[in-house]
Amino acid sequence: MSLLVTNIGELVTNDGPVRSDAALVIEGGRIAWIGPAGSAPAADEMLDAQGRAALPGFVDSHTHLVFAGDRAGEFAARMAGQRYTGGGIRTTVAATQAASDDELRATAARLVREALQQGTTTIEIKSGYGLSVPDETRCLRIAGEFTTETTFLGAHVVPASFAGRADEYVALACGEMLDAAVPYARWVDVFCEPGAAFDADQARAVLAAGVAAGLAPRVHANQLGPGPGVQVAVELGAASADHCTHLSPADIDALAGSSTVATLLPAAEFSTRSAYPPARRLLDAGVTVALATDCNPGSSYTTSMPFCIALAVREMGMTPAEAVWAATAGGARALRRDDIGVLRPGARADLVLLDAPSHVHLAYRPGVPLVSTVLHNGVPI
Ligand code: NIG
Ligand code: FE
């Protein structure tokens, strides 16, 4: 069964220039052909885009969707002047530990559906609100019901039950907890933030243990202040250093000379009323930049990639084209995937149609639900 999507007014492929009056054919969940609408081959079925813009489905390479409860009160307190320190993570850990599998599954399902409706066709999901061997394991098992991009973040913070015994907790996260997590995880992550979470040596230990167990590394780096996270990420060949809010010139140089993607999460700065990451300096230095939501109940409770694109353009000096690339191809790079984030023959048929003539409208019309049709593996949802 083949599907012809035709009359695409503007097609962003991330594989060559933006096309106008384009069409594409989908077969077996993959892109089979792309070209001018006027010379499209016949197909079994047809979808008329009626001049709308189309682009690859968004790749949200950083979320924390397995949790219970919310922290609206903490958000309100912050908007009244309180600072974000990451301390609220333990509130969500307590709620998550007390929740049933079905409650966790229902929340994750609701958020994955919400994301998909807004054009997210690939989503990464981390653990990190379990922080015990059984709870981290079940959070990852539930994450794996929604995506293959699952990340073990047992080293999110030191849980209350290990207060004053951080090194003992790191040993657990590198040992028994990791062993239990490995069957359900592709990635290993650590919140490297001395003071609030883990220092450089602890982060190295967690990542090295994960790598030895067959996981690939990524790092929460330089979110709350300057620190060693980015350097540790580059040193360990991490696929991505995420947040990158507080960077030194040496951090930017290190990223520029590496294959580590800088994944920027501007909805976290929005929701914590913090300064935005230096996207322009990163791009100008040649660093590969991705955009993701960081969806979690504390620092960034949004599933909307279009919202992140709008923030990146308005607040971080990215052009609409750079932001759309970062939210699609950039996310794919951050997940070391070449079958998504791009539309070319052989790639996954994950794409969105906008109720707009151009990708620019994603930032130009902020807060408006422009994603009108989502095709996931070639199937309209
Ligand atoms: O990516 N930085 C650490 N973790 C999350 C915050 C989680 C929370 O506040 O619950 C983040 O922003
Ligand atoms: Fe995060």
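Residues numbered from 1 in each chain as written. Chains lettered and ligands numbered in written order. Predicted model: local features only at pLDDT ≥ 70, side-chain atom pairs only at ≥ 80, totals over all residues. Heavy atoms only, no water.

## Digging into the coordination of the iron ion (ligand 2)
Phase 1 of the analysis: With distances of 2.0 to 2.3 Å, the protein atoms coordinating the iron ion (ligand 2) are H62 (NE2), H64 (NE2), H220 (NE2) and D294 (OD).
Phase 2 of the analysis: For the iron ion (ligand 2), the donor residues sit on a single chain with the sequence spacing H-x1-H-x155-H-x73-D. Of the two residues, H64 is situated in the loop between β6 (58-60) and α1 (72-79) and H220 in strand β12 (residues 219-221); the sequence distance between them amounts to 156 residues.
Phase 3 of the analysis: According to the relative accessible area criterion, H64 is buried, its value standing at 2%. (Donors = N, O, S within 2.8 Å, 3.2 Å for Na, K, Ca; no water. Helix = DSSP H or I, 4+ residues; strand = E, 2+ residues; numbered from the N terminus. Buried < 20%, exposed > 50% of the residue type's maximum accessible area, 1.4 Å probe, protein only.)

## Points about the domain arrangement of the protein
Phase 1 of the analysis: According to the domain assignment, the protein contains domain 1 (2-57 + 342-380) and domain 2 (58-334).
Phase 2 of the analysis: Relative to domain 2, the C-alpha centre of domain 1 lies at a distance of 30 Å.
Phase 3 of the analysis: Counting residues at the interface gives 16 residues for domain 1 and 18 residues for domain 2.
Phase 4 of the analysis: Both faces considered, domain 1 and domain 2 share a buried interface measuring about 1300 Å² in area, 73% of it formed by carbon and sulfur atoms.
Phase 5 of the analysis: Connecting domain 1 to domain 2 are 0 salt bridges.
Phase 6 of the analysis: Where domain 1 packs against domain 2, one counts 1 residue pair in polar contact (both at pLDDT 80 or more). (Domains from an automatic or database assignment. Contact = heavy atoms within 4.5 Å. Buried area = accessible area lost by both parts, 1.4 Å probe. Salt bridge = Lys/Arg side-chain N within 4 Å of Asp/Glu carboxyl O. Polar contact = N/O pair within 3.5 Å; in protein donor to acceptor, adjacent residues only side chain to side chain.)

## Considerations on the nonpolar core
The nonpolar side chains of a soluble globular protein tend to be buried with one another.
Phase 1 of the analysis: F152, L255, L264, L282, L291, M318 and L354 are the most contacted members of the largest nonpolar core, which totals 86 residues.
Phase 2 of the analysis: Two domains each donate at least three residues to this core, and these are domain 1 (2-57 + 342-380) and domain 2 (58-334).
Phase 3 of the analysis: For L255, the residues in contact, after removing those within four places along its chain, are V230, V234, A241, C244, L247, T260, A262, L282 and V287.
Phase 4 of the analysis: Within the second largest apolar cluster, 16 residues are counted, among which are I26, I31, A49 and L353. (Core = buried A, V, L, I, M, F, W, Y, C linked by side-chain atoms within 4.5 Å.)

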